[in-house]
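Listed below are the residues making up each chain.
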Amino acid sequence: MTTRTTSRAAAIAAAGLLLTACASSEGSSGQAGTPSFEGRGPITYVAGKDTTGTVQPMLDRWNKAHPKEKVTFIQLPTDADAQRQQMIQNAETKSDAYTVLSLDVVWTSEFAAHQWIDRLPGERFPLGKMLKPVVETARYRGGLYAVPASSDGGMLYYRTDLLKKAGVAQPPTTWAEMTAACAKVKKLPEAKSMSCYAGQFQKYEGLTVNFAEAVNSAGGTVTDASGKPDVDTPEARKGLDFLARSFKDGTIAKKAITYQEEDGRQAFQSGKLIFLRNWPYVYSLAQKSGIKGKYEVAPLPGLNGPGSSSLGGHNMAVSSSAKNKATALDFIEFMTSEKNTRTLLEDASLAPPYASLYDDRELIGQYPYLPVLKESILRAVPRPRVVPYGDVTAAVQQEAYAVLNGEKSSAQALRDLQKTLRKTAAR
């Protein structure tokens with residue numbers, strides 16, 4: 001469960017193919033449009049590399065209770081693009097090697113439209129207890145194709161000790177305030193060699209997330225409410241200009257052009273960054289580092305006030321070509337239960353899908369970032385939920401990366417991106 005990658009106050013309409021109801025190869029069609037789920041026995045669980053060490057112990061509990069239906073954990077690379085590609089290769093070859101898939105929330109539409117995953121019986125899962133924006137990420141054209149296992153919202157990690165010593169009373173709510181706070185902190189002898197800020201700017205899915213957050217936090221959009229591209233705007237340019245300017249003037253660490261999530265986390269924990277944009281999983285890991293008690297989290301800053309995160313998280317789905325789908329459904333129920341998602345919150349700082357956990361006073365006492373995280377999820381703006389998502393994110397990465405490297409102006413890159421996205425949507 002990696003690459004955290006929220007909230008949909010309103011879901012962007014999914015573009016693309018209309019699914020026809022398809023029966024499972026293991027049985028006749030169940031309720032309208034939903035395959036029957038038959039067959040019991042060993043299955044696999046496929047997800048990105050577990051950097052938190054929390055998944056296998058959970059699988060061990062399942063395997064102890066289900067000795068004839070054991071789950072084997074197949075760990076894919078930490079890079080989200082590589083995860084997606086390997087899952088697609090498995091689907092296109094109709095291999096039964098993958099059973100239950102941990103999908104980035106923005107992949108649901110693509111995998112459902114291509115019939116790589118099965119439509120699920122929604123009554124099997126307590127969706128009414130989950131945050132509505134999170135549940136919407138698991139739907140496609142009115143059907144449920146996955147179950148939320150974790151959500152995610154980007155947050156601003158900051159060094160409370162250094163801000164306090166520099167006379168900065170509150171975490172920044174705008175980009176200008178963050179830049180000003182950095183300037184004050186860097187006057188401290190112990191912060192002289194530190195960089196101000198970093199996010200995820202390597203040419204991969206994390207760059208799409210950080211680009212979208214900058215655009216949305218400046219009042220722009222990547223696609224409008226109908227799913228049409230709308231990125232060639234003054235607002236979007238302000239967001240991209242902020243990133244480009246910050247790289248140029250040193251506000252963003254130069255090395256951040258190579259950063260994925262783990263690179264930023266390690267830099268922050270080792271005292272190289274004052275501010276870091278990252279997901280909640282970082283919180284528990286940083287508690288075990290040398291900066292324990294010296295950092296906190298706040299909402300992401302924006303142009304004129306608090307910014308907007310991209311909605312991240314992972315949903316669990318059943319591969320259409322898998323065997324033992326009855327076991328797969330039971331396993332998804334087990335993994336996405338309130339009890340187990342609470343465990344993932346407690347052990348790995350993964351944002352739970354259940355609304356009640358964000359208001360639990362005992363949990364807030366242990367994890368004071370929960371109110372910030374809930375706000376991040378509910379305020380978040382989704383990345384485009386479109387069928388050809390791979391083409392969309394590749395286009396975003398290409399243009400944004402060119403700007404951050406000084407190869408293009410923001411204006412030219414956004415014009416080019418608008419044209420590419422229009423062509424992609426038309427296919």
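*Asks:* A description of helix α14 (residues 370–379) should follow, citing residues and the corresponding values.
*Replies:* Where α14 is concerned, the buried positions are Leu370, Val372, Leu373, Ser376 and Ile377. Taken around the axis of α14, the buried residues stretch over an arc of 160°, which confines them to a single face.

*Asks:* Could you give an account of the packing of aromatic side chains, with specific residues and numbers?
*Replies:* Scanning the model with the defined rule gives 16 aromatic pairs in all. Relative to phenylalanine 247, the ring of phenylalanine 201 has its centre 5.3 Å away and its plane inclined at 85°; by these criteria the two rings are edge-to-face. One end of the pair, phenylalanine 201, is in the loop between β8 (195–198) and α7 (205–217); the other, phenylalanine 247, is in helix α8 (residues 234–249), and 46 residues separate them in sequence. The exposure classification of phenylalanine 201 matches that of phenylalanine 247, with both residues buried. By the ring-pair criterion, three or more aromatic residues cluster together here, those being Tyr157, Phe268, Tyr283, Tyr295, Tyr367 and Tyr369. Against the face of tryptophan 279 rests arginine 277, its NZ or CZ located 4.1 Å from the ring centre.

*Asks:* Residues and numbers for the packing of helix α15 (residues 389–404) against helix α16 (residues 410–426), please.
*Replies:* Here α15 crosses α16 at 170°, and the two axes come no closer than 9 Å. The pairing of α15 with α16 is recorded here as roughly antiparallel in orientation. Within the contact between the two elements, α15 uses Asp391, Val392, Ala395, Val396, Glu399 and Val403 and α16 uses Ser410, Ala413, Asp416, Leu417, Thr420, Leu421 and Thr424. Here the contact of α15 with α16 is composed, by residue class, of seven nonpolar, three polar and three charged.

Cut-offs and rules
Residues numbered from 1 in each chain as written. Predicted model: local features only at pLDDT ≥ 70, side-chain atom pairs only at ≥ 80, totals over all residues. Heavy atoms only, no water. Buried < 20%, exposed > 50% of the residue type's maximum accessible area, 1.4 Å probe, protein only. Helix = DSSP H or I, 4+ residues; strand = E, 2+ residues; numbered from the N terminus. Arc of directions from axis to C-beta. Phe/Tyr/Trp six-rings, centres within 6.5 Å; stacked < 30°, edge-to-face > 60°. Lys NZ or Arg CZ within 6 Å of the ring centre and 35° of its normal. Axes fitted to C-alpha atoms, helices over the stretch in contact; angles between N-to-C directions. Parallel < 35°, antiparallel > 145°, perpendicular 65-115°, else oblique. Contact = heavy atoms within 4.5 Å. Nonpolar A, V, L, I, M, F, W, Y, C, P; charged D, E, K, R; others polar.

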